Amino acid sequence: MNSYLDRHSGRTQRGAFLLEALIGILIFSLGVLGIVGLQARAIRFTNDAEFRAEAMYLANSLISQMWTDNRALLKSKYDSTLGGAGYTAFQARVNTALAGATIPPPIVIVDGPPPLPQANSATSNVVQVQISWQMPGDPVSLTHNYTTTGVIGQQN
């Protein structure tokens, strides 16, 4: 009787070992898939941070450029509703720097109506710059943007 149990328990053990091995491979595979998914999300977040940093740099460099320009010509040269030479060059820089994303035209407002703050002196201008983009693969409803407002000129 003892030899009969030994023969049957050996067969059962061989099948259990194979089942354990298959379950182990399944768990390992799910873990690898999870890590691949996390890596893909990390790359997406890195790309978004890169685009956001680039948009921040572009908007702040435009405001810095306006500081060096003739204040009387700011609206005609940079306002997006008028499409002057400064705005056209800025739009080209944005399209080049954010290549790979869907980019609507940037919005530049010089001395715009409220809710944009009004200049608090006759020798200053209030400027708002907004850059928007959509990452490849994002749904149409998900648009990222960076907006900054600055005062150009002197305040009394």
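The notes below deal with the structure included here.

**Description of the overall build of the protein chain**
1) Next: Scanning the protein chain from terminus to terminus reveals 3 helices and 3 strands.
2) Next: In the protein chain, the succession of α and β elements from N to C terminus is α-α-α-β-β-β.
3) Next: Expressed as a percentage of the 156 residues in the protein chain, the buried residues total 26%.
4) Next: In the structure as shown, the protein chain presents an accessible area of about 10100 Å², 64% of it carried by carbon and sulfur atoms.

**Digging into the environment of Gly153**
1) Next: Relative to the helices and strands, Gly153 resides in strand β3 (residues 144-153).
2) Next: Through-space distance from the C-alpha of Gly153 to that of Thr68 is 9.7 Å; in sequence the pair is 85 residues apart.
3) Next: If we skip the residues at most four places from it in the chain, Gly153 touches Trp67, Arg71, Thr123 and Ser124.

**Brief notes about unusual backbone geometry**
1) Next: Positive phi outside glycine occurs at Asp111, with the angle close to 50°.
2) Next: Position of Asp111 relative to the elements: it lies in the loop between β1 (107-110) and β2 (124-133).
3) Next: In this structure Asp111 comes out as partly exposed when scored by relative accessible area, which is 34%.

**A few points about a nonpolar patch on the surface**
1) Next: Taken together, the side chains of Leu18, Leu22 and Ile25 define a hydrophobic patch exposed on the protein surface, amounting to about 310 Å² of accessible area.
2) Next: Mapping Leu18 onto the fold places it in helix α1 (residues 2-68).
3) Next: For Leu18, a relative accessible area of 53% puts it in the exposed group.

**Considering the pattern of salt bridges**
1) Next: Tallied over the full model, the rule gives 3 salt bridges.
2) Next: Between Arg44 and Asp138 there is a salt bridge, and its shortest N-O distance comes to 2.4 Å. Residue Arg44 is located in helix α1, and its partner Asp138 is located in the loop between β2 and β3; the two are separated by 94 residues in the primary sequence.
3) Next: Residue Arg44 is classed as partly exposed on the basis of its relative accessible area of 31%.
4) Next: One salt bridge in this structure joins Asp79 and Lys75, with 3.2 Å as the shortest N-O distance.
5) Next: A relative accessible area of 37% places Lys75 in the partly exposed class.

**A short note on the nonpolar core**
A general trend in soluble globular proteins is that nonpolar side chains are found buried together.
1) Next: Counting 24 residues, the largest nonpolar core has Met66, Phe90, Val108, Val129, Ile131 and Trp133 as its most contacted members.
2) Next: Here this core takes 7 residues from α1, the largest share from any one element.
3) Next: With sequence-adjacent residues up to four places away left out, Phe90 is seen in contact with Leu58, Ala59, Leu62, Pro106, Val108, Val129 and Ile131.

**Brief notes about the sheet that holds β2**
1) Next: Spatially, 3 strands are ordered β1-β2-β3 in an open sheet, and the strand pairing comes out antiparallel. Looking at which strands have only one partner, the edges of the open sheet turn out to be β1 and β3. The mean angle between the axes of side-by-side strands here comes to 10°, regardless of whether they run parallel or antiparallel.

Conventions we followed
Residues numbered from 1 in each chain as written. Predicted model: local features only at pLDDT ≥ 70, side-chain atom pairs only at ≥ 80, totals over all residues. Heavy atoms only, no water. Helix = DSSP H or I, 4+ residues; strand = E, 2+ residues; numbered from the N terminus. Buried < 20%, exposed > 50% of the residue type's maximum accessible area, 1.4 Å probe, protein only. Areas by Shrake-Rupley, 256 points an atom, 1.4 Å probe, with all protein chains shown as cover. Contact = heavy atoms within 4.5 Å. Patch = residues over 30% accessible without salt bridge, like charges linked within 9 Å, V, L, I, M, F, W, Y side chains within 5 Å. Salt bridge = Lys/Arg side-chain N within 4 Å of Asp/Glu carboxyl O. Core = buried A, V, L, I, M, F, W, Y, C linked by side-chain atoms within 4.5 Å. Pairing = 2+ DSSP bridges. Axes fitted to C-alpha atoms, helices over the stretch in contact; angles between N-to-C directions.

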